[in-house]
Each structure stands twice: as structure tokens, then as C-alpha cells.
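Fold and contact review
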Amino acid sequence: MAFSILCDFPSTNDENYIYWSVLFSGLFILTPLLSKIISVLSVSVPYPSLIGVSLIGIVYIFLLYWSESQLQGIVISLVFLSTIALKIPLTEPYIPLFSSDSVAMLSGHQGPKLFAFQIPLVILLFISIWKDWYRKLPITSLEIIFGCFVIWIFVSTIFADATHLSQAVWFGIFMLQGWLAFSILTKAIQSEILTSIEAIHTLVISLLGHILIGVIQFINQSGLGFNYLGGNGFPVVTEVNRFGFSIGLGLFVSGFTDFSYIFASLLVLFTPVILGLSLQYIHERKGTIASLILVPVMGLLVRSTTSDSARGAFLISTGVFILLGAWFYRDLLYRTIIWKVVGGLTLACGFILTPSEMSHQSATSTSSDSSTTGNGSSNMVPTENSSPDSAPIENGSSVSTPINDGAPDPSGAGSSPAEGVTATPIQVPLFDTSHLGTRIHQYLASFDLFLQHPLFGIGAMNFKFISPQYGIESVEIHNIYLSLLAGTGLIGVGLYLSSVISAVVEIWKDISISDSPILLIGILSGVAGYLAFGMLDPSPIKHYTSFLPFWFLLSAATQMVDDGK
């Protein structure tokens, strides 16, 4: 099998390799190729990417039919598809169940869209009811706390004076689906349908597909289209000029996650995990390849996404991994960590810290779906509705529109300096701080709204509808914790943080007793970087392709010891 050649994972049966091979080659290789062939031949087909997806789906169904482990294959498809923004809008002119105007301002992946992961999720929900999983199997504390958070979202929606009620409701539906998927995977692991390690392998292999597409996008210096698969057509926004060469960086480097900063969040989360796997489960030569080639490529791709939030988070996640690894493996430091880890991370961090050509004229522009555009950006960036959830354009480019997030309000409102006063921007070497003032303004406004509505908040994800009153552009808070604090109140953010902290504490306790301590160290390090990323970017609570892999990883990690792996 393809993956048995690339990765010698123990405790993995041959059928898993078949499932992984079909999903990987079908979604990341064959489907894009078929779509391009249809486009080149000028065949009149509305959604060419969906033809390839449908064919792969048929093959996978036949594979499940002839397999002796159908349930395992369905769970693998749920986990694998969680990173891919394969979707169909349920709005005009696609599937007109909802009007486009009624969902125009909804955030991220929230709203009426059919995602591929929802198909195995619905199947597994029926199976869980049929097999009575929730009565026969124990409910974990993490399931309970996370579930209470979801319930509180709907409670706060009822009692909060939400400006945009539908946004709060769709956010609740978004989180409910996330909890269901998380709980289903937990029950599948408890039922020994899939092991924790196999779930982690599935996430990593799916990410490898995005890395492949990201490298192609980087080399191509533009998006590849395939919007229904989760690609995009955003332009180059900044350049790196070194040794006579000019290399474009921008939002087009996204894999099939739907947006570059979502892709960056996954790279931050899984780089230490891959390092842990390379040290724990892969033979010496293959471990060296993973550390010295794959990890630097991941660092290069993080830099290419132009997300300064991800750049900083990448340094945090890899730094935590080095510190924890050095502590727990101090007796083997020279033999394991210095050669295989530090070498690869040095190359990766070199890419991360590479400065780009500053474009000061773009200091008044930013993506409504991002943190910053990373050491300069183009003045043409996606609006809230054009990225990453614009109307898909098959094999084409998404429309970009200049916006004015962070610019002085022409009316005089907002945070522009007083007349005659020269503002001195904060400078952080190698990072773009041109939007820091806007971010701080957002944070102060969100905290002020929390003080006014401390219990139920203003309605989940409703800040952008109120922010113009504070002289701020109508965008989400670029901090998931303050967003939840303002939107769902103190109880809401408390429950969310409690669920994450509960998982982190359990993983920390398991490190000393696990058969895979270096892998748990990698997971804990990735979680630290991901949580840091959420302090400057809203993607972790807006997009399934960032949100689900994170919670799937927590589900697997918190059950590794009980799973006996």
C-alpha cells in the first residue's frame, strides 16, 4: 500500500492503508486532475470538481461494502474529511433552500452549507443510536464540559439581546455539530472501532494532502481554483526578494482548507505532532526525512500564508516541544533531539522569520478573516463575504475587494490620532504591527460589551454588528477568548476554557505513564501553539476545517492511555 511504503505505522491493519490511499489519492490528486481535464476540454459541466468527488465517493462505498470493517472506514472518512472544506452552499443559485441575503453576514463556515464530513457524521449518529453507545459507554468529563458549553450557547442566545439572532443560532449549530463529531469519535475509540493512534494518523495523512496542494500553490504562485474542494484564487499580497529572486506570498497558499490562515492553524497544530511521530513510531531513516524535510516545508508554508499570528504560534508550539522534549528526554538529548528535531526546526524557523518586502501603503487593509497579512499586504484583500466563503468559482479566482479595516474613520470617529499629534507605531522586528492598534481597539470594545452584558453576552459572533458603534470596521474580534466573552458571557467562555484546560491537564498527566510520551508531548505543544494562534485570529471558532481537527486531536490524545496505545 502507498502509505505502508511511506510510513511504517505500528498497530495499523492493511484496510486502514486502503482507506487512507483511496481518500488521499482521490481527493488530493485524482479529483483535481479530473476537474482540470474537464475544464481544458471545455466540457459543459456545472461543478466539475463534484464529479470527481462523486466518483471517489462511489469507489469508497464499494470499498466499505466489501470490507470487513465498515464502521472503521466510516469513522476514518469522518476524521479525514474534517480538514477538507468540500462544501455546497444551500443558497441561491446552488441549492436554493435559503436566500443569499438572509445569510450574507454569517461568519466563516457557519450557515446553510453542506460539508462532506456531515455525511459520515449523520451515518455514525444513527449507528450510535442503534448500538446504544451513549448508554453502554461512559461519558467522559470532556464530553460533559464541552456539551455544557454548547447548551449555554443556545441559552445565551435566548436571553441575550442579539443584534443578529440568526448569527448566534448558526454559531450554536456550528458548535453542536462540532460536539457531536467529537463525541462520536470518542465513542468510536471507546468501542475499539478505531484506536487513538489510528485517528491521529488519519489526521496527519489528511494534512499531508493539504501540504502537497500547498506546495503546488506556492510553486504556481497562485491558487488552483477548485473552490468546491476548499481551494481559492486569492492573489499574491507580498514578496520576499533574496539573492536576485522574488517569491510571492499570499492568501492563495491554503491547501483545500478554504483559506490560508485556516491552513496555517493546522500547520501550527500538527508540526510538533509530526515531530513526535517521527521520534516515536517511524524508523530512523524515515524519521530523519520527516524532521529534516517535512517540518521545514511546513515552516515555509506557514510563512507563505502571510499570517503573522501563525508565525508567532509556530515558534511557540515548536519551542514548547523542544523544552518539554529536552526535559523528558534529557538523558537521550544528543542522540534524538539535537540531530533530528533541532536541525529541522532550525530550517523551519529560518523560513518563519524571513522578512518580506513591507508594503506600508497597505497598512489600512486587512482580511476580515485573518489576523494580519504578514509583513505587508496588498490593498486588495477578501471581504467578510468573499473569503473564504464567497460564491465558489470553479477553477477561477475569487473576487477581492479593498476594505478599510484599521484606517482612520473619515467621519472622525474611531481611533485615529488627534489632529497635530504624530502617532508612533509599535515596532516588532520581522513582524507586521500595522494593525495592532485596530486589534487593541477591538479588545477594549469587546471587554466593554462584556461589562455591559456579563452573564449572557451580546449574542455569539455578534460583535461585528456592533463594532461600528466603536468606530471599528465590521469584522469579528481577532481573539477567540474575547469573542466568546463578549458573545456568550462569562459562563460561556468559562465553559470553553474549562473544556480545553481539562484536556490539557489530562494529556499532561498521561505523559509520564504513556507508551507514547514523545507523541503526547508533540500534541501538547501543538495545542499550546494553536491556543496562542486563537489569541490573534478568529479561525478556530469560525471554520470546521480548523475547529474539528483540533477537537479530534484532543479526543484521541485524552484516550491514548486508556486505549492501551
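Note that this is a predicted model, so its numbers are computed, not measured.

With that settled, the discussion passes to the confidence of the model for the protein chain. Residue-level pLDDT values for the protein chain average 79, and 74% of them are 70 or greater. Per-element averaging of pLDDT across the protein chain places helix α1 (residues 2-6) at the bottom with 41 and helix α18 (residues 544-557) at the top with 96. For the stretch residues 1-6, pLDDT sits under 50, and the model shows twelve contacts to residues farther than four places along the chain or on other chains. Contacts for the low-pLDDT stretch residues 358-423, under 50 throughout, to residues beyond four places or in other chains number 185 contacts.

On to the packing of aromatic side chains. Enumeration according to the criterion identifies 26 aromatic pairs in this entry. Judged by centre distance (5.7 Å) and plane angle (50°), the rings of F24 and F28 are tilted. Of this pair, F24 and F28 both sit in helix α2 (residues 14-40), four residues apart, which is roughly one turn of the helix. F28 matches F24 in its accessibility class, with the two residues each being buried. Seen from their ring centres, Y65 and W66 are 5.2 Å apart, and the 85° between their planes marks the pair as edge-to-face. Take W66: its relative accessible area is 70%, and that puts it in the exposed class. The ring of W130 is capped by K131, whose NZ or CZ atom sits 4.9 Å from the centre of that ring.

Glancing now at helix α17 (residues 517-533). With 17 residues, α17 should reach 24 Å at 1.5 Å per residue; the first-to-last C-alpha distance of 24 Å fits that figure. Along α17, 15 of the 17 residues are buried, which leaves the element largely enclosed by surrounding structure.

This brings us to helix α16 (residues 480-511). Compared with an ideal rise of 1.5 Å per residue, which puts 32 residues at 46 Å, α16 spans 28 Å between its outermost C-alpha atoms and falls more than 12% short. The axis of α16 is deflected most strongly, by about 135°, at T488. By the N-cap criterion, in which a side-chain oxygen at the helix start approaches the backbone nitrogen of a residue two or three places on, α16 is capped by N479, the distance to Y481 being 2.9 Å.

One finds I523 and W551 to be the most contacted residues of the largest nonpolar core, which totals 142 residues. Among the elements that take part in this core, helix α10 (residues 260-280) stands out by supplying 13 residues, more than any other. The residues contacting W551, other than those within four sequence positions of it, are L142, F146, F182, Y496, S499 and V500.

This paragraph deals with the packing of helix α8 (residues 165-190) against α18. The interhelical angle for the contact between α8 and α18, taken along N-to-C directions, is 30°, at an axis separation of 9 Å. Here α8 is positioned roughly parallel relative to α18, judged by the angle of their axes. Considering how the two elements wind past one another, α8 and α18 form a crossing that is right-handed. Where α8 abuts α18, its residues I173, F174, M175, Q177, G178, A181, F182, L185, T186 and I189 lie against Y544, F547, L548, W551, F552, S555 and A556.

Turning to its location among the elements, S21 is positioned in helix α2. Reaching out from S21, the side chain makes a polar contact with the backbone oxygen of Y17 at a distance of 2.7 Å.

So, on to the packing of helix α5 (residues 118-130) against α8. α8 packs onto α5 with a crossing angle of 60° between their chain directions and a minimal axis gap of 10 Å. The pairing of α5 with α8 is recorded here as oblique in orientation. Handedness of the α5/α8 crossing: left-handed. Touching Q118, L121, L124, L125 and S128 of α5 are Q177, L180, A181 and I184, all from α8. Residues belonging to the contact of α5 with α8 are distributed by class as follows: six nonpolar, three polar and no charged.

Right, let's talk about a nonpolar patch on the surface for a bit. A cluster of nonpolar residues, I51, L55, I58, F62, Y65 and W66, forms a patch on the protein surface that exposes about 720 Å² of accessible area. Structurally, the position occupied by W66 is in helix α3 (residues 48-66).

If you walk through the whole model with that rule in mind, you get five salt bridges. Between K87 and D258 there is a salt bridge, with the nearest N and O atoms lying 3.0 Å from each other. Here K87, found in strand β1 (residues 87-89), pairs with D258, found in the loop between β4 (245-250) and α10; they are 171 residues apart in sequence, far enough to count as distant. Residue K87 shares its accessibility class with D258, and that shared class is buried. Salt-bridge contacts for E143 lead to K187; the nearest nitrogen and oxygen are separated by 2.8 Å. Separated by 44 residues along the polypeptide, E143 in helix α7 (residues 141-159) and K187 in helix α8 bring together distant segments of the chain. Judged by relative accessible area, E143 falls into the buried class, the value being 1%.

Further remarks concern the environment of F98. Note on placement: F98 falls in the loop between β1 and β2 (113-115). Taking the relative accessible area as the measure of exposure, F98 reaches 33% and is therefore partly exposed. Between the alpha carbons of F98 and G111 there is a distance of 9.7 Å; along the sequence they are 13 residues apart. Look past the residues within four positions of F98 in its chain and what remains in contact with it is L90, T91, E92, P112 and W170.

Even without a glycine there, the phi angle at E192 is positive, about 65°. At M461, a position not held by glycine, the phi torsion is positive, near 60°. One can find M461 in the loop between α14 (436-452) and α15 (463-466).

Moving on, we get to the side chain of T83. Considering the arrangement of structural elements, one finds T83 in the loop between α4 (70-81) and β1. Residue classification places T83 among the buried positions, given a relative accessible area of 2%. In this structure the side chain of T83 is engaged in a polar contact, spanning 2.5 Å, whose partner is the side chain of S206. In terms of polar contacts, T83 uses its side chain to reach the side chain of H210, at 2.8 Å. Excluding its chain neighbours within four sequence positions, the residues that come into contact with T83 are L203, S206, H210, F256, T257, L266, T545 and P549.

Quick notes on the rules
- Residues numbered from 1 in each chain as written.
- Predicted model: local features only at pLDDT ≥ 70, side-chain atom pairs only at ≥ 80, totals over all residues.
- Heavy atoms only, no water.
- pLDDT = per-residue confidence, 0-100.
- Helix = DSSP H or I, 4+ residues; strand = E, 2+ residues; numbered from the N terminus.
- Contact = heavy atoms within 4.5 Å.
- Phe/Tyr/Trp six-rings, centres within 6.5 Å; stacked < 30°, edge-to-face > 60°.
- Buried < 20%, exposed > 50% of the residue type's maximum accessible area, 1.4 Å probe, protein only.
- Lys NZ or Arg CZ within 6 Å of the ring centre and 35° of its normal.
- Expected span 1.5 Å × (residues − 1).
- Bend = angle between axes of the 7 residues up to and from the residue.
- Polar contact = N/O pair within 3.5 Å; in protein donor to acceptor, adjacent residues only side chain to side chain.
- Core = buried A, V, L, I, M, F, W, Y, C linked by side-chain atoms within 4.5 Å.
- Axes fitted to C-alpha atoms, helices over the stretch in contact; angles between N-to-C directions.
- Parallel < 35°, antiparallel > 145°, perpendicular 65-115°, else oblique.
- Left-handed = near helix turned anticlockwise from the far one by under 90°.
- Nonpolar A, V, L, I, M, F, W, Y, C, P; charged D, E, K, R; others polar.
- Patch = residues over 30% accessible without salt bridge, like charges linked within 9 Å, V, L, I, M, F, W, Y side chains within 5 Å.
- Areas by Shrake-Rupley, 256 points an atom, 1.4 Å probe, with all protein chains shown as cover.
- Salt bridge = Lys/Arg side-chain N within 4 Å of Asp/Glu carboxyl O.

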